Each structure stands twice: as structure tokens, then as C-alpha cells.
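What the coordinates show
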Amino acid sequence: MSVENPDGTSSELVFFVNGKKVLEKHAEPETTLLQYLLGLPGTKLGCGEGGCGACTVMVSRYDREAQTVRHFSVNACLAPVCSMHGMAVTTVEGIGSVKHGLHPVQERLAASHGSQCGFCTPGIIMSMYTLLRNNPQPSIATMEKAFEGNLCRCTGYRPILDGFRTFTKEYCQMGENCCRNKNNNQKQEEGTASRLVNGVDYVPLDPSQDPIFPPELRNTEQYDRDYLVYRGERVTWYRPHTLAELLDLKSQFPDAKLVIGNTEIGIEMKFKKMKYPVLINPSHVPELVKVEHTEAGIRFGGSVTLSRIDEELKLALEKYPDQQTRVFTAVIEMLRWFAGYQIRNVAAVAGNIITASPISDLNPLFLACGAMLQVHSKERGLREVQMNEKFFLGYRRTAVNQDEIVLNITLPFTAKTKYFAGYKQAYRREDDIATVNAGMLVEFEDNSNVIKELSLAYGGMAITTVMPTRTLTEVVGRHWDDRLVDDVCRLLTEEMPLAAGSPGGMVEYRRSLTLSFFFKFYLTVQQQLQTMHIPTSKVPSYFQSATTLFHKDPSRSSQIFQEVAPGQLQQDPVGRPLGHFSAAKQVAGEAIYIDDIPKMHNELYIGFVMSNKAYANIISVDPSAALAMPGVVDYICHKDVPGHNSWGAAVQDDEEIFASKQVLTQGQIIGAILAETQAQAQRAADSVKVEYEELEPVITIKEAIKAGSYHRPPNSISCGDVEAGFQQADHVLEGESHMGGQEHFYLEDHATLAVPRGEDGEMEMFVATQNPSETQHVAAEALDIPANRIVVRVKRLGGGFGGKETRSIVFSTPCAIAANKLGRPVRVMLDRDEDMVMSGGRHPFLARYKVMDRALFHSDNAYKIPNMKVTGYVCKTNTPSNTAFRGFGGPQGMMMIRELNLYQEGDRTHFGQELSPCFIQKCFDECVKQSDFLRRKTEAGSLVHIYQDGSVLLTHGGVEMGQGLHTKMIQVASRALGIPASKIHISETGTNTVPNTSATAASASSDLNGMAVMNACKTLLERLEPVMRDNPKGTWEEWVKAAYFRRIGLSTTGFYKTPGIGFDFESGKGKPFNYFSYGAACSEVLRTDIVFDVGLSLNPAIDIGQIEGAFTQGYGLMMMEQVKMSPKGFMFTRGPGNYKIPGFGDIPVEFNVTLLKGSVNEKAVYSSKAIGEPPLFLSSSVFFAAKEAISAARADAGLHGNFRLDSPATPERIRMACEDQFTQRFPKPEEGTYTPWFVDL
Ligand SMILES: Cc1cc2nc3c(=O)[nH]c(=O)nc-3n(C[C@H](O)[C@H](O)[C@H](O)COP(=O)(O)OP(=O)(O)OC[C@H]3O[C@@H](n4cnc5c(N)ncnc54)[C@H](O)[C@@H]3O)c2cc1C
Ligand code: FES
Ligand code: FES
């Protein structure tokens, strides 16, 4: 029951979390559900903008009209806690736990190896759980769609889908043995296995065991009727119950925003720093949540969510004849590509209309069909407004007045003579905003193809959704025939200009899309006219595919690996697909990451003052306004650094911890605010005034080359006689190829908690880093204290991929400085946008080449280039320092080589061929690695304690970031000591246990740490040997106990360094690698097959997981992920909203991975091979498959010969490479004649 506070101003917020009632007397409207759930670490913050799904929870409410409980998945990072009144929230902790038993959803995800770093895992669990609460036996297709709003950067999605497929109605109880699971395309050799999981033993799903909906919420209507007022620090929240109350409030506060899903307002307040002092939540006003069928169509209240619209329209398709529901069909199809479930479940239709985004997906449809709105205000009363070309008045302005509310919208029925469709093109098909979208309607004269009305509305072409009215008028009376297409294209080209350099960029592409969409519509209508027996020309068969809706078959896969030798002891886990050591904790939401460490006494939060210029002198910094803000404790800058204010990942003193005089990139740290909460620290940091003197930045590689801006003299590697080679060549090809950078997009952003320990300057640092030793070293230098006072501890990372190898130090060191100055614990976990602006990514790469055909094409081995010279320049630009990223520079280097020379050969040459004499890979890998400032130390340590009870605590120098390193190390120790893996535990990585460690990077960690672990175990076994000899039949525990009584040391360290590796650029001699990994991939449109050599796999489940994950990440690099920066160095890509990594829907429909049988490797632990990075490059097979397909399309258009396709091959690049009559209308203006909106770095 809502109770007003004694002063009658603030209501009590009542809701349930995991069955427990929450009563909040001081609800803060700006607090999200995620922030409120802080004590429940399972719900994760991955982006804060509804784009990753890490924060997914299930919200349940009682629908009194339908008399049923409705469950929906929700992004807790966007849902205001105030909107939870009367609801029941279920988090991952609420469905199962390690202690009391996992829920089947949790159990199956863990068993299917679907959790690597585990950061995305709880969100994915909750999406699946919600689906099963609504539909206990979904189809595979429904199940696969449930994850449109979830991202995972580690797994490549296949194992997650495999695990959850066991819940679907198509899944057979025979499990993996089911005949349908036999992949006829895959040949399986003897001695190999294809079962990473045995599904038959799963605990069955029993919906009766699920937590019940709180009876109080079902029985008490009052929660829905309460008029609520929540007064916060800066915002007041009202929830009226009646329309009259709502209109009163809107009259009283005309500037107030109505908030329903908060999927726009939340973003505006957090990222665009908008201030809305009054928010009105009309989610419980009956008129706004009503759905009515009228003569004209279906009328949806303004607060009706998009999921409900989808549901109602699908029901309407069953109820009304097809021709009447053509608008409904198009809206359903558009909603299929509108965000993910979590957003559609809360976002309302009026929210989409009134936001008036130029790329709204619904507004083009509403305009094209002339949807009718009823709007209402206390002063103006009720009026009808049609959505047409006059509806949008300007950027985010509509014909609905400020004091009016949208009561409802009517989606019209279509007459028999009306045809309707919607189109959307985005970077990623699922959960992405549109590049261009459109709604299209045509009405014909009775029984003819003569146009009575044409209505086209486009999004993404101007500052509002637009209708090309002149075109639409001119075509009335025309026949629906091929000549019409030409004329409409000409008219649209004239009527929808887009200046070069327009916001959003991709101008020629966007303009081409407007025509391509119309052409699709033309063909689709033509086909429909035929089915209605209206005379019209036939759609040619080669255009038929343009008229069908996108369809994807459920995914299939196989994983084949070598079985362990028949005699291998049962307890010996090496070579077996052991589950991830932390999987159970991760699926239960119990795995602890930095931000889950409970708040410490006196803890402060750090908010960084970042440069918003790419290159500038700092004239002045004034933190006075910030210091006066609530909760702010201090401001620190370079003056507060007791020791060195500079450090360098590759070059000593290469960058400043706090910029003192000059900033060299956007996002560089100038200072930091310390405050009581994150929000206070961030707001205050934004208020620090920095005055700059701007300098001309160098942003792109080309600019750096022009300016001669390099980090150091170039490195060159050559072999053979290049000049002679050119002389012998029939043809010499010259050109250049560009590969874009890539954002790491680990799901856990950079995080640190620095805790001063008071005595002797001691400090404990919990850091999300791949490099504890370097973190310790830089912090000690900055604080001017010996390294022995600093302990850096790493439990696990929510992904790293190289991004936390050195860049974590940029954030951990200021925390240490602040903690040292104030003597209080200091924490940071960056928001996604901060992380993307500040932390750097994979280096972009530009290759200029001159190659000789004959020399290449006549070589025996496609990869063997007898005469070659490669020179690598490392460009110095004013963009955030780039860093290691899975594969270092290898993929970029290899991509260029393939691009230049091997494109025709495809992946075939990898199969079974000896690569070790291949100069290219060696040369390029090394050259590119050097370009990455790579400083790899190849040594590792371990520490093994055996306790009296026989349990073993293992510590090694590597960091667990999802790659299964700890699991593999346990397997190594298990075999080395001859004890079951269950007796061995790894707690964390710490500089106080294993010092001077190498970064966990470069795929070398299992090799190095594995050997160090093995060495330590060998030492211990040698020490135990006399005891074992004396009691050969004894148990491990007996031997350990006996050793203890004989005072044998049961603790030891291990050490290992890779022998004899190094390379000298001067002489061009040396052995840069210990051994080579081989792999091959073959991709066609819907299928990928990978064969990979991992030696004798330590753990096939982990190795296959790494291959699939790396391949998918590489797919992003090659095909999707485009880092966008303005010519002045402003980063546009700041989160999942505008930087698209592959989602669930992007993996190959058929994805087969085979670990090469019979491979051995004497140079690494138990004959295994490194796995983290090498498979990434195999995704280039998709790039080349796409290039092949483009070649075919170009050939159809009469275009032959070479063409340029840079990576990533985004939809824009692919479309523009497939030149045709539409793209040719929009030639690219010459470089230098305009300022592009974003540049190719
Ligand atoms: C991750 C993510 C993905 C998205 N994907 C898409 C996408 O694919 N396509 C797309 O088009 N959009 C997308 N959006 C944008 C957004 O989800 C939609 O615009 C959504 O419909 C907004 O609804 P809401 O209820 O959340 O609006 P809110 O944020 O609650 O409100 C938005 C605006 O509408 C006004 N408003 C709300 N109701 C009324 C009313 N009854 N009368 C008058 N004014 C009203 C509010 O005052 C406010 O100005 C996405 C957003 C996110 C965060
Ligand atoms: S944290 Fe909520 S969706 Fe990413
Ligand atoms: S396991 Fe999914 S992001 Fe790491």
C-alpha cells in the first residue's frame, strides 16, 4: 500500500525482489533498478544504455484485465526503480544458487560451456528464464530470438544456443544421440569424439518449482491505483492513475516529460546530460494502456508497449483477411528488427513517436499509412492529428504541442487496393538502429495498376522522417511499370539530396538505399498485383529474392575432437572437456568481479576529467564549481602525483598519468574528482572547466604519413631479391588496402578498487587487468614507493582480449594516487562510453603494396613469396593509444597479404600444408607485432601449496579472463600431481604470490604458466617421493600427512621461460616463435567449417570455445565493427548503440569446428598449443566469401577485374561495391572537396 510521508510529498515505493518485499521511503527517480540492486551482484552493468543485456532481469506484474501474471525481460540499467511499484523483480540470484542448487537454465548453460568470462552470463540466463516462464517449451526459432538484446564477446554464442536448445520442443530426449543431431556434412574420424556435453542427464525443467508471484501483488489492486510522487535530489516523479490527473499534471508542468519505458529519456539524461526536473509516468492511466478495435483499424493507447502491439497485431492477422492487415504485417516485420525484447517489453509507441528521432523505425510506417493520433491537453481538449508530411516540424519536434499528450494511435486497416511495406537497413540485422528506413504505401484505381496514391516516408535522410511530396504527386495516374521505377528514382534523387559530409556520413550509400527500397517495393507490389490477377509485367526470376522476407534457419553445429587415449586414468582430466572452473558461480551470478566487491568503509568514487580535444595545449583548469557540488571531496591532478607522472607501455615515459600541459587525444585524463557516489563524481567531473588552445590534430594513418608522424624509425624485413623479382614479373600491381581498428568490447569495463592499508604506504589494489605486475610497477613509481608495498589482486576479468594488458594502468594508477592522497579506498568502474573514448583498441592498418604477378602466381606454395620486402611504420596520431587486441597486429598483417596475393587461392592452401617455411607469416607477424609496441616477456611463475588435508592451492602468473586458463592449469596440476582436479583450487592472481609475471596475453599463458605449474608440481612430487616409496599403497592424503610430520616442505614455486626465442631486425635473424599453430576455415554464405591444430588439446571444450569465440570476434573485425571518429578526433562510436559487435543472429547457420587429430607439440605443456588468438584470422574466410559474392554481383552488372574492398566489409561497403543503376547515380565526391562526417582511421 502506498503511504505518503508525513509531509505528504513523497510516496513509498513497494515492490518485490526475488520474493522479498522492498519498502523504500526515499525512492530516487534518477536511480535505475540496476543501481538499486547493487547488493545483488548477479545483475551486471555492461553498457548502461540497453544495448548489451548484461543487466537483464525478469519483471512480473499482474494483468487484472486478463487475470494473469505477465513476465517480461527488462534492462535494469534503464528501468527507473520508481517504475517498479507493485511489480515483482527476479534476478539471477532468485532462480538458483550454487549452495541450494542451480536452476535448469543455469545448469544447462554451465554444462554446455556457454560461459567463459561470465559477465554476460546472468543476463543471458534471465532472458532464457523469462522466455521459459512464458513458454515452457518454445520452438528453436523462438528460443534463438529471445537473445536479440543480449551480447557476449567471448563464446561465439554457439554453446549457449546448444545448451538452451535442450529446452525446445524440437529437442529429442536422446540428446546428442538423436538422429537429427547427426551432421551428415561432417565426417568423423575414428578415435574422435563429438560430444562436449552429454545432455541426457539434465535435470528436467519443472515450472511448478519456479518462484511464485507474490500473492500480495495479485490480491491488492491498490498498487495499480496509487497516485505516486517520488521526490529526488534533482527530479520529481509522478505516477497519476487517471487521465484527469495526468492532464492536470501536464497542465501544471507543461515541460514535464512523460516517461514510460525510459529508453529515450534515460539515454538523454545519462549520456546527453539533459535535465528533466519533472517526470510523469502514465503507465497506469487506463486510457493510455487500452487496445481497441475500431472500424478504421486498431487503436493503441500511447503507453502500450511495442511487445504488446506486436502481440495484438499478430492476433489481428488471424482475425482479419490478409488484404485488410497489410499495414499490420509491415509493423510486425519492422518490430522484428526493432531493438531487443528487453527494450520492446517496456518501450511505448507514444515514446517512439514523440521522441521524433530521424531514424525512428515506426514513424516512417505511421506517416506512410497516415496513422491517426488522438492528442489531449487540459487547455486544448481532445483533438485528432494525422501523421503525414506536416507532422514533423523540425529536429525532434512534432505537431503535438508541449502541453498535449498522445492519448492513442490508430493503425488503419488497408483497403483491397492498397499495398504497404516497410524497410530497414542497419549495420546489424538484430537490435540495431536504422541507417535508412522507409514506409511505403500505394493505392491503385480499382482493378488496375494505375496509381491513385503513392505514399513514401523515409527515415535517416534528414533531421526528421521525410516524405518526398513532389515525387508522390507527380506519379499519380502513372502505371506501375518499369518506366515508373526510373522516374521515381530520378525524382527521389532530386528531392532527397544529402550533402557530402552530412551528419551520419555514408551519404552515397544512404541515397542509394532510398532507391533500392523503392525498387524492392515496386517488385513486391508487382508480385502481389499478379496474385490479385491485375495485369502487370512479371517479376523476373532473378529479382524474386528481393520480394521475400528475411528468413534464417535455426543454427546447427558440430564439434569434433580427439578422444583421450583408452588407457588414460579416469581421474586424469587432461584432454577431457572439463567445464570452466567458475561456470557454476558465473551462471548463478555469484562470481565476483571488481565492481561486485562490497562498498568499503569511507570509500570514494573517482570521476575522470577527460580532454574533449584531440590535440591542444591546456591553458587552465578550474575545478571550483565541481568542488562545490554535493558529495564532492577533492580534485586531483598531476600536482598530486608524488613520484613519476609518466609511464609507457612500450616506450619509457611515453604518456602522462594526468596531462599537465598538453592533451594528445580525446579522452586523455587531465584530472579526477573524488566524490561519495559515482553519479556525483561523474557530474562534478563534467563541471570542471578546462580551457584549451586547440592545435591541428593528426587523426588518420594517411595524415600521419603525410606529416611524417611516426613513433620511431620503421622496421624492415626482407628476403630474396625484390628488384630482380620485379624485373622478371609480367605484371606489377600497386595499390593500398585499409583495415579498420576494433574496439575490445569486453563486457566488463575497466575497473579498479585501490585500498590504502595505512602502514608503511601499503596499498592493496583490486584491478581488472591482464598485467598485475606492470600495474604494481607503475603505481609504485607514481607513488614513489617500493613495489613491495603494493599488492595487485585479480580474481577474474569480464573479458580482456588484450584491452586490459596495459590500458588498465591508465585508470588504476590515478585510483592509487587518489587513495594515497586521501587515505581512503577509491573505486572506479568506467561506463561504456568512457571506456570506449578513453581506452583505445586494435590498431587500424594501411598497407601500400607493389607486387609482381608472376612471382606470386608461379610460386609452389601460395604463401611462399621468394622475394619480399616489408616495411612497417608505426604512426603517431592524436587518437587514444591503441593496444594489444587478440592476435596483436597479426590479423591486420595477414589480411593485407591475403588481400594482395592470395585472394584467388582462398583458404584451401592452409589444409594440411607445412607452413613453417612460410616467410610471410613470420615476417608480417613479427613486423606487425613490433608495430604494436609489443614487449613480451616470456616467463612465468607458479606457487603451489599442499595443505595437510591434501587439498592444493594453486597460484600462477596468469589472469583468468574467461579463456579457461585456471581450468587448464588445474588440469595440468591434476595430471602432474596425479590427483583429481576436485582437490585443486585457484583463488586469484596476485603480485604477492607470484611476482614479476608476464602479462596474460599473446596466447602464451597456458604454455608459460602450464610449464611453471608443472615444474612446481614436479618439485613437490620429488619431495613426496620418499614418503610414497615407504607407503606405495597409501592415499594422497596419507602421503601429504606423512610428509607434514616428516617436515617436508609442501609449498614451492615453479618457474619457466620459453627457451631460445628472439629476433634481430638488424640481421634479420632469430627465432621469433617457439612453434606455429595451423588452422583453416572455409566459409560460404551460411556455413563455416574450421579445422584447427591445437596440438593435443588440454581441454577440447575450452579450445573449441576459444576458436568459436575468436572466429566470431574476427567476424566483427572483418565484417561489422567500424570505429568512427570525426576529422577532429571526436569519437562517435561510444557504446553498443552505435558500435555493433556480432550478436546471436550473426553466427553461421552451420558452424563446424574440428580439432586436428594426431597433432603433437613437444614444445609446450603436455603437447598442447596456444589457442586464444590464432583462430581469429580464420574469420577472414567470411570476408573473402563476401568479396567473392560481390565479384559475382559485379560480373552480373558487367563489371570485371579488381575492385577495392576494405575491412570491415560493412553493409555500406558491400552495397557500394555491388555497383548498379542505383549506386551509380551517387558517385563519391573527390577526397578533399568536402569534410567527411567520419574518417577511416
Ligand atoms: C537499446 C535501444 C535500442 C533501440 N532500438 C530502437 C530501434 O531499433 N528503433 C527505434 O525506432 N527506436 C529504438 N530505440 C529508441 C526507443 O526505444 C524508442 O523510441 C521507444 O519507443 C521509446 O519509448 P519509451 O517508452 O521508452 O520512451 P520514453 O523514454 O519513456 O519517452 C520518450 C519521449 O516520449 C514522450 N512521451 C512518451 N509518452 C508520451 C505520450 N503519451 N504523450 C506525449 N509524449 C510522450 C516523453 O515525454 C519523451 O520525450 C532504442 C532505444 C534503446 C535504448
Ligand atoms: S548494462 Fe543494461 S543493457 Fe547493457
Ligand atoms: S562469456 Fe559472454 S562476454 Fe564473456
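The structure contained in this document is the topic of the report that follows. This structure is a prediction, so every number in the text was calculated from the model and none was measured.

Section: the overall build of the protein
- When its secondary structure is counted, the protein shows 34 helices and 47 strands.
- Burial statistics for the protein: of 1241 residues in total, 61% are counted as buried.
- Relative to all contacts within the protein whose residues are 6 or more apart in sequence, the contacts with residues 24 or more apart total 77%.
- Accessible area of the protein: about 48500 Å², with a carbon and sulfur share of 51%.

Notes on unusual backbone geometry
- Of note, the bond from Ser1207 into Pro1208 is cis; its omega dihedral lies within 30 degrees of zero at 0°.
- Looking at the secondary structure, you find Pro1208 in the loop between α33 (1180–1196) and α34 (1211–1217).
- Phi at Asn18 takes a positive value of approximately 50°, unusual for a residue other than glycine.
- Summarising the element assignment, Asn18 is placed in the loop between β1 (13–17) and β2 (20–24).
- Classification of Asn18 by relative accessible area gives partly exposed; the value is 27%.
- Phi at Phe745 is positive, roughly 50°, even though this residue is not glycine.
- Along the chain, Phe745 falls in the loop between β31 (732–739) and β32 (751–756).

Section: the site of ligand 1
- As a structural note, the neighbourhood of ligand 1 is formed by 29 residues, with Leu258, Ile260, Thr263, Asp361 and Val406 the closest of them.
- Ala339 places a polar main-chain atom, nitrogen or oxygen, 3.1 Å from an oxygen atom of ligand 1.
- One nitrogen or oxygen atom from the main chain of Val406 is found 2.8 Å from a nitrogen atom belonging to ligand 1.
- Protein chains shield 93% of the accessible area of ligand 1, which is 990 Å² for the free molecule.
- Elements that contribute at least two residues to the shell around ligand 1 include exactly β9 (257–258), α13 (349–355) and β17 (405–412).
- Tallied by class, residues from the shell around ligand 1 come to 15 nonpolar, 8 polar and 6 charged.

What to know about the sheet that holds strand β4 (residues 68–75)
- Here we have 5 strands laid out as an open sheet, ordered β2-β1-β5-β3-β4, and mixed in their pairing. Each of the sheet's edge strands pairs with one partner strand only, and the pair in question is β2 and β4. Across the sheet, the mean angle separating the axes of adjacent strands is 30° when strand polarity is ignored.
- Across 5 bridges, β1 lies against β2 in antiparallel orientation. Paired with Val14 across the bridge in β2 is Leu23.
- In the packing of helix α3 (residues 121–134) onto the sheet, the strands contacted are β3 (56–63), β4 and β5 (88–90), and the crossing angle to β3 comes to about 25°.

Quick word on the pattern of salt bridges
- One pass over the full model with this rule turns up 62 salt bridges.
- Salt-bridge contacts for Asp640 lead to Lys821; the nearest nitrogen and oxygen are separated by 3.1 Å. With a gap of 181 residues between them, Asp640 in the loop between β24 (632–637) and β25 (646–647) and Lys821 in helix α24 (residues 808–822) connect regions that are remote in the sequence.
- Two residues, Glu1037 and Lys983, come together in a salt bridge whose shortest N-O distance is 2.6 Å. Of the two residues, Glu1037 is situated in helix α31 (residues 1036–1045) and Lys983 in the loop between α29 (965–977) and β40 (984–986); the sequence distance between them amounts to 54 residues.
- The class for Glu1037 is partly exposed, based on a relative accessible area of 28%.
- When salt bridges with common partners are traced through the structure, they connect Arg470, Glu474, Arg478, Asp487, Arg490 and Glu494 into a single cluster.

Some points on the nonpolar core
- Residues Tyr458, Trp480 and Phe518 are the most contacted members of the largest nonpolar core, which totals 123 residues.
- Ranked by residues supplied to this core, first place goes to helix α17 (residues 507–531) with 12 residues.
- Those residues within four positions of Phe518 in sequence are excluded, and the remaining contacts are Met440, Leu454, Leu456, Tyr458, Trp480, Leu484, Val485, Val488 and Leu492.
- If you look at the next biggest cluster of nonpolar residues, it comprises 117 residues, including Ile594, Ile670, Ile673 and Ala675.

Looking at the packing of helix α23 (residues 772–783) against α24
- The N-to-C vectors of α23 and α24 enclose an angle of 40°; their axes lie 9 Å apart at closest approach. As the angle between them shows, α23 and α24 are arranged oblique. For the pair α23 and α24, the sense of crossing is right-handed. Here Glu774, Thr775, Val778, Ala779, Ala782 and Leu783 of α23 lie close against α24, whose contacting residues are Ile809, Ser812, Thr813, Ala816, Ile817 and Asn820.

Quick notes on the sheet that holds strand β22 (residues 604–610)
- Reading across the sheet, the 8 strands line up as β24-β28-β22-β35-β32-β33-β34-β41 and stay open at both edges, with mixed pairing between neighbours. Only two strands of the sheet have a single neighbouring strand rather than two, namely β24 and β41 (989–990).
- Sitting on the sheet, helix α20 (residues 678–687) is in contact with β22, β24, β28 (669–675) and β35 (826–829), with an inclination near 25° to β22.

Calculation notes
Residues numbered from 1 in each chain as written. Chains lettered and ligands numbered in written order. Predicted model: local features only at pLDDT ≥ 70, side-chain atom pairs only at ≥ 80, totals over all residues. Heavy atoms only, no water. Helix = DSSP H or I, 4+ residues; strand = E, 2+ residues; numbered from the N terminus. Buried < 20%, exposed > 50% of the residue type's maximum accessible area, 1.4 Å probe, protein only. Contact = heavy atoms within 4.5 Å. Areas by Shrake-Rupley, 256 points an atom, 1.4 Å probe, with all protein chains shown as cover. Near = heavy atom within 4 Å. Polar contact = N/O pair within 3.5 Å; in protein donor to acceptor, adjacent residues only side chain to side chain. Nonpolar A, V, L, I, M, F, W, Y, C, P; charged D, E, K, R; others polar. Pairing = 2+ DSSP bridges. Axes fitted to C-alpha atoms, helices over the stretch in contact; angles between N-to-C directions. Salt bridge = Lys/Arg side-chain N within 4 Å of Asp/Glu carboxyl O. Core = buried A, V, L, I, M, F, W, Y, C linked by side-chain atoms within 4.5 Å. Parallel < 35°, antiparallel > 145°, perpendicular 65-115°, else oblique. Left-handed = near helix turned anticlockwise from the far one by under 90°.

Such coordinate-based values are descriptive only and should not be taken to indicate function.
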